[in-house]
Structure formats: structure tokens, C-alpha cells
Amino acid sequence: MKNIVRTAVIPAAGLGTRFLPATKSIPKEMIPIVDVPMIQHIVEEAARSGVTRVVLITARHKEAIENHFDFNPELEAFLDDKGKKELAELSRSLGRLCQVIAIRQKNPMGLGHAVLCAEPAVGSEPFAVLLGDDLIDSDVPCTQQLMDIYQRESASVVGVMQVPPSEVNKYGIIGGKPINTKTWHVQQLVEKPAPESSPSCWAIPGRYVLEPQVFDCIKRTKPGRGGEIQLTDALQLLAQERRLLAYAFDGVRYDTGDRLGFIDATLAFALKRSDLRSGVVVLLQKHLNKNRN
Ligand code: G1P
């Protein structure tokens with residue numbers, strides 16, 4: 001039982017300045033991809049991977065996120081009265097998805113610091129970390145894929161994907177020895193390196209399964225890039241002191257923190273929906289024809 005990953009940490013304290021004006025008064029995590037808030041996609045990935053407890057690292061003005069994963073008796077009773085049982089059940093199912101624990105990150109000091117805020121709730125168990133701007137569409141949830149490696153190898157593991165050299169400066173990048181075509185023994189990690197000094201083109205798009213020893217590594221990590229306590233720098237310590245693996249997960253990743261990435265995800269998810277696909281195709285054709293004239 002010791003190795004079972006039952007907790008996911010989801011940092012959600014950021015101000016979402018990349019998405020202003022939308023994020024002026026609503027948390028960016030509540031912006032929907034079609035009709036599902038981004039944070040729901042992330043919590044569902046965790047729940048589908050077997051996680052039963054989500055530790056949300058939040059800040060002021062983020063109460064809407066907690067409310068989304070609670071019951072809403074007024075709304076549900078209203079829907080029941082109107083005979084809209086399916087919608088009432090949809091609302092209740094979010095309240096049952098998993099136990100949500102919210103911890104405030106009172107001073108934003110970086111991703112490493114946000115993860116450290118979860119320590120009192122996580123304790124001495126392994127846990128997953130999922131970043132909310134990274135949406136990963138896959139048959140087997142990305143977090144589940146990493147958990148499988150964790151169970152088999154008893155080592156912390158980060159999900160990686162290949163990016164062009166011009167984009168390594170947007171990510172935490174790994175370097176190390178290949179174990180097979182999809183797995184690396186990580187020896188080096190650099191937060192947002194310049195292309196010429198990057199150890200590889202394998203980037204971490206916000207999925208991690210970590211041993212609790214990482215908390216101690218974060219405590220010993222000095223502020224790094226941007227003056228923030230970087231999770232990537234703490235993982236460099238973990239890689240030196242224990243075994244850290246990287247796994248090239250199967251799935252398509254969308255950067256929903258970026259406007260074009262957000263539109264990309266919206267189109268992809270809308271086109272996958274049988275109730276929307278044909279309508280969306282007609283709309284796309286209409287707009288493309290309009291722009292051609
Ligand atoms: C964060 C992490 C970075 C990671 C990235 C994935 O950066 O610091 O290591 O690769 O998320 O999206 P951010 O995009 O928050 O600047």
C-alpha cells in the first residue's frame with residue numbers, strides 16, 4: 001500500500017495575467033474549454049488515474065474553484081424540480097469526484113514553493129503534481145502512465161515531450177541517460193535554458209509523480225530563475241540524491257495558458273464531441289470562406 005499514489009497537488013494560485021482581461025475577476029482555472037473549466041479537465045485526469053485527494057494550492061479570489069467541486073444544493077434542487085435530472089446529476093458528480101483540500105499560498109514565491117505548501121496535506125506519501133495550463137489528451141491519463149512507472153521502478157518520474165530547440169526556453173528541460181526509447185535516467189534539469197545551453201529538447205509539460213523526499217529538496221533550493229523557488233531546481237537535487245526518471249508519455253498536450261494553445265484545445269475538444277462536431281465544421285468552413293473573399 002505504501003507506494004500507492006492517492007494524492008495530487010494542483011497549483012492554482014497564479015494571477016493569470018497572460019489571460020487578461022478574462023482573468024480580472026474570475027480565476028483563470030475556471031475558463032472553460034468548450035463547457036468544462038480547465039481545472040475540471042485536470043482534476044478529472046487525476047481522478048481517472050486513481051487519485052482520491054486533490055490538494056489545491058490557491059490564493060485570494062479563487063473560491064470559485066472549490067465551489068465547483070462541492071455540491072450546490074440550490075442549483076441541484078432547482079434542476080430536479082424542473083425535471084432536469086441529468087444536469088442535476090452532472091452537478092452532483094463534480095461534488096463526488098474527489099476530496100478537495102485547499103491550501104493558501106500566501107506569498108507567490110514560485111512553483112517549488114507552491115508544491116511545498118502542500119506538504120502538511122501530503123505528508124510522507126508519494127504524490128502527483130499536475131499543472132493547470134497543460135492539458136493532455138490521451139487514452140490512458142498521463143498521470144496514470146507516470147504512476148505505472150513509479151510503481152514499477154520505485155522512483156520519482158516526470159513526463160516529457162520533445163520540443164523544437166527554439167522552445168526549450170519555455171520549459172523545465174531534462175538531460176540524462178536513455179534507458180529505452182521512452183525512458184531516461186535523469187541527471188540534469190534546467191529551468192528554461194537558452195537553446196545553446198540546453199541539455200536536450202525533452203521538456204516537462206507539467207506532469208510529475210514524486211517521492212515525498214522532494215519536500216526536503218525544495219526547502220534546500222535557493223531562488224533561481226525569476227527570483228522564484230523553482231520545482232525544476234529542487235528536482236535537480238532529487239536527481240542527485242535519489243533516482244529520477246523521465247518518461248515520454250503518450251498523448252497530445254495543449255498549452256492552454258497561451259491564447260493560440262487555448263483556441264487549439266477548444267477546437268480539438270469541440271471536434272471530438274459528437275453533439276458539436278458537425279456544427280463546428282460548418283462554422284469553421286463559414287469563417288474560412290468569409291476570410292477568403
Ligand atoms: C512551469 C515550470 C516549467 C514547466 C512548465 C510546463 O513553467 O516551471 O518547468 O516546464 O511549467 O508548463 P511556467 O509555464 O509556469 O512558466
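Check the entry above for the structure.
Rules used throughout
Residues numbered from 1 in each chain as written. Predicted model: local features only at pLDDT ≥ 70, side-chain atom pairs only at ≥ 80, totals over all residues. Heavy atoms only, no water. Helix = DSSP H or I, 4+ residues; strand = E, 2+ residues; numbered from the N terminus. Rg over C-alpha atoms; globule rule 2.2 N^0.38 Å. Buried < 20%, exposed > 50% of the residue type's maximum accessible area, 1.4 Å probe, protein only. Contact = heavy atoms within 4.5 Å. Areas by Shrake-Rupley, 256 points an atom, 1.4 Å probe, with all protein chains shown as cover. Lys, Arg positive; Asp, Glu negative; His and termini not counted. Charge placed at Lys NZ, Arg CZ, Asp CG, Glu CD. Salt bridge = Lys/Arg side-chain N within 4 Å of Asp/Glu carboxyl O. Polar contact = N/O pair within 3.5 Å; in protein donor to acceptor, adjacent residues only side chain to side chain. Near = heavy atom within 4 Å. Nonpolar A, V, L, I, M, F, W, Y, C, P; charged D, E, K, R; others polar. Phe/Tyr/Trp six-rings, centres within 6.5 Å; stacked < 30°, edge-to-face > 60°. Lys NZ or Arg CZ within 6 Å of the ring centre and 35° of its normal. Core = buried A, V, L, I, M, F, W, Y, C linked by side-chain atoms within 4.5 Å. Pairing = 2+ DSSP bridges.

A.B. asks: Is there a simple way to think about the overall build of the chain in this case?
C.D. replies: Looking only at helices and strands, the chain has 11 helices and 14 strands in total. Taking 2.2 N^0.38 as the reference for a compact globule, 293 residues should give roughly 19 Å; the C-alpha atoms of the chain span a radius of gyration of 20 Å, in line with that estimate. Here the C-alpha coordinates of the chain stretch approximately 60 × 50 × 35 Å along the principal axes. Counting the 293 residues in the chain, one finds 49% classified as buried. Pairs at least 24 residues apart make up 75% of the contacts formed inside the chain by residues separated by at least 6 positions. For the chain, the exposed area adds up to about 14900 Å²; of that, 54% sits on carbon and sulfur atoms. The average position of the 36 basic charges and that of the 34 acidic charges among the side chains of the chain differ by 2 Å.

A.B. asks: Where do I start with the pattern of salt bridges in this structure?
C.D. replies: Close approach of charged atoms allows side chains of opposite charge to pair. Using the criterion set out here, one finds 21 salt bridges in the structure. Salt-bridge contacts for aspartate 133 lead to arginine 18; the nearest nitrogen and oxygen are separated by 3.5 Å. With aspartate 133 in the loop between strand 6 (127-130) and strand 7 (134-137) and arginine 18 in the loop between strand 1 (7-11) and strand 2 (32-33), the pair connects residues that are 115 residues apart, well separated along the chain. Under the relative-accessibility criterion, aspartate 133 is labelled buried at 18%. Between arginine 104 and glutamate 63 there is a salt bridge; the shortest N-O distance is 3.3 Å. Of this pair, arginine 104 sits in strand 5 (residues 99-104) while glutamate 63 sits in helix 2 (residues 63-68); the two residues are 41 residues apart in sequence, bridging distant segments of the chain. Of the residues examined, glutamate 63 reaches a relative accessible area of 39% and is grouped as partly exposed.

A.B. asks: Sorry if this is basic, but what is going on with the side chain of serine 200 here?
C.D. replies: Tracing the backbone shows serine 200 in the loop between strand 10 (183-191) and strand 11 (202-204). Within the structure, the side chain of serine 200 is placed 2.9 Å from the backbone nitrogen of tryptophan 202, a separation counted as a polar contact. Among all residues touching serine 200, those that are not within four sequence positions of it are Val168, Ile173 and Ile174.

A.B. asks: Can you help me understand the site of the ligand in this one?
C.D. replies: Around the ligand lies a shell of 13 residues, among which Asp134, Gly172, Glu191, Lys192 and Ile204 are the nearest. In this structure, an oxygen atom belonging to the ligand sits 2.7 Å away from a side-chain N or O atom of glutamate 191. Between lysine 192 and the ligand, the recorded distance is 2.6 Å, taken from a side-chain N or O atom to an oxygen atom. For the ligand, whose unbound accessible area comes to 370 Å², protein coverage reaches 75%. The class makeup of the residues in the shell around the ligand is 5 nonpolar, 4 polar and 4 charged.

A.B. asks: Any chance you could explain the environment of isoleucine 101 here in plain terms?
C.D. replies: Relative to the elements of secondary structure, isoleucine 101 occurs in strand 5. Along the backbone, isoleucine 101 and valine 54 are 47 residues apart, and their C-alpha atoms lie at a distance of 6.1 Å. Discounting chain neighbours no more than four positions away, the residues touching isoleucine 101 are Arg53, Val54, Val55, Leu56 and Ala121.

A.B. asks: Please clarify how the packing of aromatic side chains should be interpreted in this entry.
C.D. replies: Each aromatic ring pair is characterised by the separation of its centres together with the angle its planes make. The tally for this structure, following the rule as stated, stands at 4 aromatic pairs. Ring centres of tryptophan 184 and tryptophan 202 lie 4.6 Å apart, and the angle between their planes is 45°; this geometry places the pair in the tilted category. Residue tryptophan 184 is found in strand 10, and its partner tryptophan 202 is found in strand 11; the two are separated by 18 residues along the sequence. Here the aromatic rings of tyrosine 254 and phenylalanine 269 are separated by 6.0 Å at their centres, their planes lie at 65°, and the arrangement is edge-to-face. Placement of the pair is tyrosine 254 in strand 14 (residues 252-255) and phenylalanine 269 in helix 10 (residues 259-272), with a sequence separation of 15 residues. Considered together, tyrosine 254 and phenylalanine 269 belong to a single accessibility category, that of buried residues. Directly above the ring of phenylalanine 269 sits lysine 272, whose terminal nitrogen or CZ lies 5.6 Å from the centroid.

A.B. asks: So what exactly am I meant to see when it comes to the environment of tryptophan 202 here?
C.D. replies: Taking relative accessible area as the criterion, tryptophan 202 reaches 19% and is therefore assigned buried. Considered as a pair, tryptophan 202 and glutamate 66 are 136 residues apart in the sequence and their alpha carbons are 34 Å apart.

A.B. asks: Hey, could you run me through the nonpolar core in this one?
C.D. replies: One recurring pattern in soluble globular proteins: nonpolar side chains tend to sit buried together. With 45 residues, the main nonpolar core has Ile10, Ile39, Val54, Val157 and Val209 as its most contacted residues. Counting 38 residues, the second largest nonpolar core, distinct from the first, contains Ala114, Ala118, Val160 and Ile204.

A.B. asks: I tried to follow the pairing of strand 12 (residues 207-210) on my own but got confused; where do I start?
C.D. replies: The side chains of a regular strand alternate between the sheet's two faces. Here strand 12 shows a buried face lined by Arg207 and Val209 and a second buried face lined by Tyr208 and Leu210. One ladder, built from 4 bridges, connects strand 6 with strand 12; its direction is antiparallel. Looking at strand 12, one finds that alanine 128 is bridged to valine 209. As paired strands, strand 8 (residues 156-162) and strand 12 are joined by 2 bridges and run antiparallel to one another. Bridge assignment links valine 157 to a residue of strand 12, and that residue is valine 209.

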